[in-house]
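# An overview of the molecular structure
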Amino acid sequence: MEMSRSSFRLLLLLGFLLVSSYAASDSVYDTFVQCLSNHSAPSHQASSIVYAQTNSSFTDVLRSYIRNERFNTSSTPKPLIIAAIICSRDIDILLKIRSGGHDYDGLSYVSDVPFFILDMFNLRSINVNITDETAWVQAGATLGELYYRIWEKSRVHGFPAGVCPTLGVGGHLSGGGYGNMLRKYGLSIDHIVDAQIINVNGSILDRKSMGEDLFWAIRGGGGASFGVILSYKVKLVRVPEIVTVFRVEKTLAQNATDLVYQWQHITDKIDNDLFMRLLLQPITVKSDNGSSKTVRVTFISLFLGDATRLISVMNKDFPELGLKKEDCKEMSWIESVLYWANFDNRTSVNVLLNRTLESVKFFKAKSDYMQKPMSKDGLEGLWKKMIELGKPGMVFNSYGGRMSEIPASETPFPHRAGNIFKIQYSVNWHEEGTEADKKYVNLIRELHSYMTPLVSKSPRGSYLNYRDIDIGISHNGKDSYQEGKVYGVKYFMNNFDRLVKVKTAVDPQNFFRYEQSIPPLPYQRDID
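Residues numbered from 1 in each chain as written. Predicted model: local features only at pLDDT ≥ 70, side-chain atom pairs only at ≥ 80, totals over all residues. Heavy atoms only, no water.

### Remarks on the pairing of strand S3 (residues 94-98)
For S3, the tally of buried residues reaches five of five residues, placing the bulk of the element in the interior. Pairing geometry for S3 and strand S4 (residues 115-119), over five bridges, is parallel. Paired with Ile97 across the bridge in S4 is Leu118. (Buried < 20%, exposed > 50% of the residue type's maximum accessible area, 1.4 Å probe, protein only. Helix = DSSP H or I, 4+ residues; strand = E, 2+ residues; numbered from the N terminus. Pairing = 2+ DSSP bridges.)

### Considering empty space enclosed by the protein
The final tally for this structure, using the stated rule, is four cavities of 30 Å³ or more. Each pocket or cavity is described by its volume, and for the largest cavity that value is around 90 Å³. Along the walls of the largest cavity sit Tyr147, Phe159, Ala161, Gly162, Val163, Asn180, Met181, Leu302, Trp333, Ser336, Val337 and Trp340, which together make up its complete lining. Examining the composition of the lining of the largest cavity, we find that four residues originate from one element, helix H12 (residues 333-340), more than from any other. Its residues assigned to classes, the lining of the largest cavity shows nine nonpolar, three polar and no charged. Trp151, Ser154, Arg155, His157, Val239, Ser332, Trp333 and Ile334 together form the lining of the second largest cavity. Grouping the amino acids of the lining of the second largest cavity by side-chain chemistry returns four nonpolar, three polar and one charged. (1 Å grid on protein atoms, 1.4 Å probe; cavity = no way out; pocket = protein on both sides within 12 Å on 5 of 7 lines; lining within 4 Å. Points joined across faces, edges and corners; volume = space filled by probe spheres on them. Nonpolar A, V, L, I, M, F, W, Y, C, P; charged D, E, K, R; others polar.)

### As for the packing of aromatic side chains
Inspection of the entire model under this criterion finds 19 aromatic pairs. A centroid spacing of 6.5 Å and a plane angle of 55° characterise the contact between Tyr178 and Tyr463, whose relative ring orientation is tilted. Within this pair, whereas Tyr178 is found in the loop between helix H6 (169-175) and helix H7 (182-185), its partner Tyr463 is found in the loop between helix H14 (434-450) and helix H15 (480-492), the two being separated by 285 residues in sequence. Each member of the pair, Tyr178 as well as Tyr463, is classed as buried. Ring plane angle 25° and centroid distance 6.1 Å describe the contact between Trp263 and Phe396, whose orientation is recorded as stacked. (Phe/Tyr/Trp six-rings, centres within 6.5 Å; stacked < 30°, edge-to-face > 60°.)

### A short note on the pairing of S4
Residues in a regular strand project their side chains so that they alternate between the two faces of the sheet. With five of five residues buried, S4 is to be regarded as a mostly interior element. Alternating residues of S4 divide into Phe115, Ile117 and Asp119 and Phe116 and Leu118, and every residue in both groups is buried.

### A closer look at the nonpolar core
Membership of the largest hydrophobic core comes to 73 residues, with the highest contact counts inside it found for Tyr147, Ile218, Phe226 and Tyr232. A total of six residues in this core trace back to one element, the largest contributor, which is H12. Setting aside chain neighbours within four positions, we find Ile218 in contact with Leu173, Ser174, Ala195, Ile197, Met210, Gly223, Phe226, Ile229 and Tyr232. Counting 49 residues, the second-largest nonpolar core is a separate cluster that includes Val248, Val260, Phe362 and Tyr440. (Core = buried A, V, L, I, M, F, W, Y, C linked by side-chain atoms within 4.5 Å. Contact = heavy atoms within 4.5 Å.)

### Quick look at the sheet that holds strand S15 (residues 328-331)
Taking strand neighbours across the sheet as the criterion, the seven strands line up as S15-S12-S14-S13-S17-S18-S16 in an open arrangement whose pairing is antiparallel. Since the sheet does not close on itself, it has two edges, and those belong to S15 and strand S16 (362-370), each with one partner. When the angles between neighbouring strand axes are averaged without regard to direction, this sheet yields 20°. Here strand S13 (residues 274-287) runs beside strand S14 (residues 290-303); their pairing, made up of 14 bridges, is antiparallel. The partner of Phe275 across the bridge, within S14, is Leu302. Its contacts with the sheet place helix H11 (residues 307-317) against strand S12 (243-251), S13, S14 and S15, and it is angled at close to 140° to S15. (Axes fitted to C-alpha atoms, helices over the stretch in contact; angles between N-to-C directions.)

### Here's the deal with the sheet that holds strand S6 (residues 134-138)
Hydrogen bonds between backbone groups are what pair the strands of a sheet, and the pairing can be parallel or antiparallel. Across the sheet, which stays open at both edges, the five strands sit in the order S5-S6-S10-S8-S9 with antiparallel pairing between neighbours. Edge positions in the sheet fall to strand S5 (126-129) and strand S9 (204-205), since each of these pairs with one other strand and no more.

### With respect to the packing of H15 against helix H16 (residues 496-506)
Viewed as axis vectors pointing N to C, H15 and H16 meet at an angle of 130°, and their least axial separation amounts to 9 Å. In terms of orientation, H15 lies oblique with respect to H16. For the pair formed by H15 and H16, the contact residues are Tyr481, Gly484, Lys485, Gly488, Val489 and Phe492 on the first element and Phe496, Asp497, Leu499 and Val500 on the second. The residue inventory of the contact of H15 with H16, partitioned by class, reads six nonpolar, two polar and two charged. (Parallel < 35°, antiparallel > 145°, perpendicular 65-115°, else oblique.)

### Examining the side chain of His448
Assignment of secondary structure puts His448 in helix H14. Among the residues examined, His448 registers a relative accessible area of 11% and is labelled buried. Setting aside anything within four residues of it in sequence, one finds His448 in contact with Lys366, Ser367, Asp368, Tyr425 and Arg460.

### Things to note about the pattern of salt bridges
Here the idea is simple: oppositely charged side chains can pair when their charged atoms come close. For the coordinates displayed, the defined rule picks out 25 salt bridges. Here Lys269 ties to Asp268 by a salt bridge, and the two come within 3.1 Å at their closest N and O atoms. For Lys503, the salt bridge goes to Asp507, with nearest N and O atoms at 2.8 Å. Comparing Lys503 with Asp507 shows no difference in burial state: the two are buried. The network of salt bridges with shared partners includes Lys364, Lys366, Arg445, Asp468 and Asp470. (Salt bridge = Lys/Arg side-chain N within 4 Å of Asp/Glu carboxyl O.)

### Here's the deal with unusual backbone geometry
In this structure, the amide linkage connecting Ser458 to the following residue, Pro459, adopts the cis form with an omega of 0°. Within the element layout of this structure, Pro459 appears in the loop between H14 and H15. Of note, the phi angle at Asn476 is positive, near 55°, even though the residue is not glycine. Tracing the sequence through the fold places Asn476 in the loop between H14 and H15. Given the relative accessible area of 22%, Asn476 is considered partly exposed. The backbone of Met493 shows a phi angle near 50°, a positive value even though the residue is not glycine. Structurally, Met493 is set in the loop between H15 and H16.

Encoded structure:
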C-alpha cells in the first residue's frame, strides 16, 4: 500500500488513542483491534479507543493537537490507526508518538508512509511533592499544567522549561527543554531524576531498570527514537517571591545597532539571574513624510529578583539600554509565566490549564548558534537582508551562566560552553496553498543561508526541538546511519555516536523511527 503525507494518533496500554488513515483499510483496523484486545482490553473497549478515518470524530481527534497549519490541509493524507507498540510492531506499521503537537515540521503526526499515531494527551497526571521538591509529570501534560500544579503547592518553586504553556512535556523534555531560567538553572533535562519508558518489547522501565545509558539518551536525545516516554520525575527549582520583567523596543533610528552589538558582548556574562531575549522583526514605520522600512529590536527579560537589584545589574553591565525602574514590572514567578506567554495582567492563572491554542498559523522555523559577536557592519548587513526579505524574524536567546558550566557530554544536548546565544528564525503566514508555502519557506531559507558565515561551523549546530528537515532526513533503510549522521551531528555533535550505540542496544531493528530519529549501527558493527 502506498500513502503520501499521513498523520494519526494513539493512546493505548496506559490510555492511548488510535486513528486509522485508510478509509478502505478495514482489515488493518480489524487486525489492530483484535491484537489490542488480545493484549490489553475486551474488544468492545479496544474498538472504542481506535478511530478509523470513517469515524465521525476522526478529524476532530486528529486536528486537536496539530500546531502547524502547514500539516493540517485537506491534501495532507491521514494516518492508519493509533495503536499499541506490540500491535503496530506485529502488523509492521510505523508508530509515531505525539505529546503536544508542537513538532515544528510535524514529524510526530505526518509521514510519507502508512503509520499509527500514539497520542499521549490522556496521560497528563502531575504529582508535585514539595517536601522533596520533585514532581512526577506524565508525557501528555502541558507545561502550563505543570507550572499551575507547582504554583498550587508553592509560591517559591518553579521549573526551568519553555515559555509556551501548551507545549507537551514529553517532547519538550526529551529534546532538551529551553526556557527563560536556563542561565540560572540550565535546561529541563538537567533536572530530570527518573523516568518511565515503554521499550520495544512492551516492558515498562524506570531509571534503574533501563540503565544509565538509556536514561542518558532520553534526556536530550529525543525519546521517540528509543521508546514511548510515559513520565518524567523532575527536580523543582527555587524562585524568589518577586521576579521582574521588562520589554523595551528600539528601532534602527533609536540606536538599535549599537545596542545589539553591545548586548552580544555581555549577554552570556551578565548576572545569572538575568535572561534577555532579543526579538528582531522587519517592520514598516509611518510618519508625516510617508512610510519607511526598518528593523525593530525588542529586549524581553526575566530577572529572578526585584527591580531595584535589576536596575543595579543593568547600570553596571548594560547601561547603554538606559533601563529605568518605570520600564520594569515586579510580579510573582507564575505571573511572569503569563507575561511571557503574552497574556495581559488581568488574566487568571487558570488559563495555564487551557490546552488549546487561540490561533494556529502556517509557519516554518530554523535555528543556529552564535559563538562570536557580529561586528556592527555585520549587523547592518543583517538588517538590510531582513528588510529586503520583509517577513522572517529572528530571536536571540542568551546563553552563558549555568549553561557554560555543564559539560557538553553530560546529556545528549551538546550546545553548552562557547555559545553566546541561540538563534531562532521563524516565519508565519495565513495564506493557504503550495505557492504560499513555497514562497515563505524560501524566504526563511534565504535568511538562514545569509547567516552561514556568521554562525557556528564544523558542524553548524541546530536545536533538536526546533525541528528542521532542511538539514537532512533518514529514509530508515540500509543507509540510515549515513543519512542520520548528516542531521545527527548538527543536533548532537560529538554525542551522536553514543546515541547510536544506545539505540543499537535497545532497538536494533529500528522499530522506533521517524524522519530524523537516531539510527542503529549498520550490521551491528562498531563505529570506527
